[in-house]
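In case you want the letters, here they are:
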Amino acid sequence: MRAISRPLPFLLSIPAALIFVIFLLLPLLGTLILSLQDFSLATGIRPVYELANYVEIFSDSYFFDIFARTARIAVFTTLVTIVIGAPEALILMRMKAPWRGIFLLVALGPLLISVVSRSLGWALLLGGNGMINQALMSMGLIERPIQMMYTEFGVVIAMSHVLMPFMIIAVMTTLQRLNPQVENASHSLGAGSFTTFWRVILPQMLPGIMTGAILVFAMAASAFATPQIIGGRRLKVIATLVYDEFLFSLNWPLGAALAMLLFAVVIVVAIGLNRVAEGYFARMYK
Amino acid sequence: MSPVTKADNTPSASFLAIDGLTKTYNKVTVVDRFALEVEEGEFVSLLGPSGCGKTTTLQMLGGFVDPSAGSIRLEGRDLIAAPPSKRGLGMVFQSYALFPHMTAAQNIAYGLEVRKVPRAERDERVRQALDLVGLGAYGDRYPRRMSGGQQQRVALARALVIRPRVLLLDEPLSNLDANLREEMQIELRRIQQTTGTTTILVTHDQTEAMALSDRIVLMRAGRIEQIGGPEAVYARPANSFVARFLGKTNLFPGTVGADGRSISIGSHVFAAPAAATPGATIVAVRPEKLGFGEGGIRGVVRNRVFQGTQWLVELDTEHGPAIVQRQNLGAVPPAIGEATGLVFEPDAVHLMAPEADK
């Protein structure tokens, strides 16, 4: 009960708490309330409190397909960032000055450019007349353009690029904690490079890979700009669907219910992954 | 791998033969023609201040640094051509370098698993190794849950369980507190004598080197200054650097008489312990071999410290500062400001050539 006799820490945390409440909790609460209300073109939004929107979402396979697509894109994007980002972080950590700084900038540089510009860039590359198709056709590898725009494949490629820096940063953070002598210890005990990587380096990278996976999954599942640009109007994900409900169908309550469900899925996955990771790694780092 | 010049291709008779070992980084020579022969079962310490090249030498033995020149032969086999994983040496790192995601037993088993030792034998050897270092009950602990001393023991067991031909220790005790360090010194010596493993220890702690080693290799600025048993190096240091580095010492400028049989420090003249070369010399006397009395070298007490088992007295003498260590047998040494004479037995002195004093 000493805390009560010392009010200063509480007073000092009020500004941050206010920002948190005003800009995060209140809008979330507003969305939750909105999601319970009813809408029709004739009546507009009616202030009732019922679960009709949620029932509609769960009973219509149209919504299920979009949820499944969103999950698929998020999972594959996460996998691609792990497969490319984790080794990239390892290589970056082993570079010497000045190369490490230069390539770190190259790897993280995309963060400096707006997601919209980067996604439009990918649209130029992936399009039917885009650079990739033209290059493949001029080499004679394919006869007609491969459809990459407006496909999940294209969205995963572009989104992996957009979110790669988060995986790299997360993995690099754990690699910085790694005792460089541990690798030498493994060699001195008779292990070659492959065994050393598989049994000594990789297990110690896992916490970073898990953190990166949580970050990337959450951002990929709720991404808007990239799916909107690469996926187009036909290939909807939850975020673009919510946008359409709000702006075109004007069905704000349904959009709010979709947003709440997306929020719930992301929170459950993130907390679940975090639980697994913490239980598994607590013994190493506590 | 760097070009290596072999000074001698004939297999040496000794167990471990290091010759002409040199490491140069950007024209700076860190280790300069290091040569040492080690017998099987011997415990040798590389001792010196930081930057003397002792750690680089150990890393060249372990295979983590490529030598610029020189040869390392173990039982006649050239080690330099072999990667670290094929040298069959055990190494204990300063930071212990335990695998944090493995328990103590898994850490120790790792080297045996890599060697594909059958399961039953592996479990038995891991158990023996844990017992050897006194951690029989701690096999299931993760390193983070162990104290520094326990981690140290796991690292030692992990290096020994593969039955290395040579055990390399890189300042293994430097991260432990003073009491634990002393305990581990005794422990380390016991374990080394039990297993009979040839051991090379790198340290900057002279007490540690003297307590553990059969022989000490004193290094400074990449070169070997002296090699010898702890008592011999302590009693007969090759030069003032060695004398100062291995414990405290008093150095007085002196002259050996024309007959080579007498030595004078200022007006104090005494018989030479052995025939000496006439001319200028440096007389080294250890602080515990100096006493207070009439005559001898005149001095005034500047400081006096009581340390329980002993007194430490600092003096200003006519020939520079001096330090005296007297065991606390009841007699109280002269007080601060008091004038006294410093006396010693003639055979307590060690003579060093002045030019050796760089």
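How each quantity is defined
- Residues numbered from 1 in each chain as written.
- Chains lettered and ligands numbered in written order.
- Predicted model: local features only at pLDDT ≥ 70, side-chain atom pairs only at ≥ 80, totals over all residues.
- Heavy atoms only, no water.
- Helix = DSSP H or I, 4+ residues; strand = E, 2+ residues; numbered from the N terminus.
- Buried < 20%, exposed > 50% of the residue type's maximum accessible area, 1.4 Å probe, protein only.
- Contact = heavy atoms within 4.5 Å.
- Areas by Shrake-Rupley, 256 points an atom, 1.4 Å probe, with all protein chains shown as cover.
- Lys, Arg positive; Asp, Glu negative; His and termini not counted.
- Charge placed at Lys NZ, Arg CZ, Asp CG, Glu CD.
- Salt bridge = Lys/Arg side-chain N within 4 Å of Asp/Glu carboxyl O.
- Domains from an automatic or database assignment.
- Pairing = 2+ DSSP bridges.
- Axes fitted to C-alpha atoms, helices over the stretch in contact; angles between N-to-C directions.
- UniProt positions renumbered as here; feature names shortened; annotations may be inferred.
- Phe/Tyr/Trp six-rings, centres within 6.5 Å; stacked < 30°, edge-to-face > 60°.
- Core = buried A, V, L, I, M, F, W, Y, C linked by side-chain atoms within 4.5 Å.
- Polar contact = N/O pair within 3.5 Å; in protein donor to acceptor, adjacent residues only side chain to side chain.
- Buried area = accessible area lost by both parts, 1.4 Å probe.

Take the overall build of chain B next. In terms of helices and strands, chain B carries 8 helices and 20 strands. Each principal axis of the C-alpha distribution contributes one length, and for chain B these read about 75 × 50 × 35 Å. In chain B, which comprises 358 residues, the proportion classed as buried is 52%. Of the contacts made within chain B by residues no fewer than 6 positions apart, 67% connect residues no fewer than 24 positions apart. Of the roughly 15900 Å² that chain B leaves accessible, carbon and sulfur atoms contribute 49%. Placing the 39 positive and 38 negative side-chain charges of chain B at their respective mean positions leaves the two points 7 Å apart.

Let us now look at the overall build of chain A. The helix and strand tally for chain A stands at 13 helices and 2 strands. Over its C-alpha atoms, taken along the principal directions, chain A stretches across nearly 75 × 75 × 35 Å. Counting the 286 residues in chain A, one finds 41% classified as buried. Across chain A, contacts joining residues at least 24 apart in sequence account for 68% of those joining residues at least 6 apart. Surface exposure of chain A reaches about 16100 Å², of which carbon and sulfur atoms provide 73%. Where the 18 positive side-chain charges of chain A centre and where its 12 negative ones centre are 16 Å apart.

Residue and element names in this part refer to chain B. Enumeration according to the criterion identifies 26 salt bridges over all chains in this entry. One salt bridge connects Asp205 with Arg181, and the closest N-O pair in it is separated by 3.7 Å. One end of the pair, Asp205, is in the loop between strand S8 (198-203) and helix H6 (206-212); the other, Arg181, is in helix H5 (residues 178-195), and 24 residues separate them in sequence. Under the relative-accessibility criterion, Arg181 is labelled partly exposed at 24%.

Here we come to the domain arrangement of chain B. The assigned domain composition of chain B is domain 1 (4-235) and domain 2 (251-357). The straight-line distance from the C-alpha centre of domain 1 of chain B to that of domain 2 of chain B is 39 Å.

All names here are of chain B. In space, the 4 strands of this open sheet follow the order S2-S1-S4-S5, with antiparallel pairing throughout. Looking at the sheet topology across the chains shown, the edges are occupied by strand S2 (28-38) and strand S5 (77-78). By the bridge criterion, 2 bridges tie strand S4 (residues 69-74) to S5 in an arrangement that is antiparallel. Along S5, the bridge assignment pairs Leu74 with Arg77. This element, helix H1 (residues 54-62), spans strand S1 (16-25), S2 and S4 of the sheet and lies at about 115 degrees to S1.

Per the UniProt record, "transmembrane region" (unreviewed entry) is found at residues 12-34, 66-85, 97-116, 122-141, 153-173, 185-202, 209-230 and 250-273 of chain A. Each end of residues 209-230 of chain A is marked by a C-alpha atom, and these two atoms are 27 Å apart; helix forms 86% of the span and strand 0%.

As a further point, take the UniProt feature "domain: ABC transporter" (unreviewed entry) in chain B. Sequence positions flagged by UniProt for "domain: ABC transporter" (unreviewed entry) are, in local numbering, residues 16-246 of chain B. For residues 16-246 of chain B, the helix share is 36%, the strand share is 26%, and the end-to-end C-alpha distance is 26 Å.

Now for the packing of aromatic side chains. The description of two aromatic rings rests on the distance between their centres and on the angle between their planes. Taken as a whole and assessed by the stated rule, the structure comprises 11 aromatic pairs over all chains. With 6.4 Å between their ring centres and 70 degrees between their planes, Tyr243(A) and Phe248(A) make a pair best called edge-to-face. On the accessibility criterion, Tyr243(A) (31% relative accessible area) is partly exposed. Since its relative accessible area comes to 54%, Phe248(A) is described here as exposed. Ring geometry for Phe64(B) versus Phe93(B): centroids 6.0 Å apart, planes at 45 degrees, classification tilted.

For the rest of this paragraph, the subject is the sheet that holds strand S14 (residues 279-285) of chain B. The strands making up a sheet associate through hydrogen bonds between their backbones, and the pairing can be parallel or antiparallel. Residues and elements named next belong to chain B. Strand order across the open sheet formed by 5 strands is S13-S12-S11-S14-S20, with antiparallel pairing between neighbours. Two strands lie at the open edges of the sheet, namely strand S13 (268-271) and strand S20 (349-352), each paired on one side alone. When strand polarity is set aside, the average angle formed by the axes of neighbouring strands in this sheet is 40 degrees.

Turning next to H1(B). Residues and elements named next belong to chain B. Of all 9 residues in H1, 7 are buried; the element is thus mostly enclosed. Along H1, the residues that are buried comprise Lys54, Thr56, Thr57, Leu58, Met60, Leu61 and Gly62. Of the residues flanking the end of H1, it is Gly63, one or two places downstream, whose phi is positive at about 95 degrees.

Moving on, we come to the nonpolar core. Ranked by internal contacts, the top residues of the largest apolar core, which has 70 residues, are Phe34(B), Leu156(B) and Ile200(B). No other element matches the 6 residues that helix H4 (residues 148-160) of chain B contributes to this core. Residues Ala74(A), Met172(A), Leu235(A) and Leu261(A) belong to the second largest nonpolar core, which totals 53 residues.

Residues and elements named next belong to chain B. Note that Glu171 resides in the loop between strand S7 (166-170) and H5. Reaching out from Glu171, the side chain makes a polar contact with the side chain of His204 at a distance of 2.7 Å. The contacts of Glu171, once residues within four sequence positions are left out, are Lys54, Gln94, Val202, Thr203 and His204.

A few words on the interface of chain B and chain A. Between chain B and chain A, the contact holds 25 residues from the first and 22 residues from the second. Taking both partners together, chain B and chain A bury about 2200 Å²; carbon and sulfur atoms supply 58% of that area. Of all residues in chain B, His101(B), Tyr110(B) and Arg144(B) give up the largest surface area on contact with chain A, accounting jointly for 26% of the area buried on that side. There are 1 salt bridge connecting chain B and chain A. Across the pair Arg199(A) and Glu113(B) runs a salt bridge whose closest N-O atoms are separated by 2.5 Å. Elements with a minimum of two residues in the side of chain B that touches chain A: strand S6 (89-92) and helix H2 (104-114) of chain B. Element by element, the count of residues in the side of chain B that touches chain A is highest for H2(B), at 4 residues.

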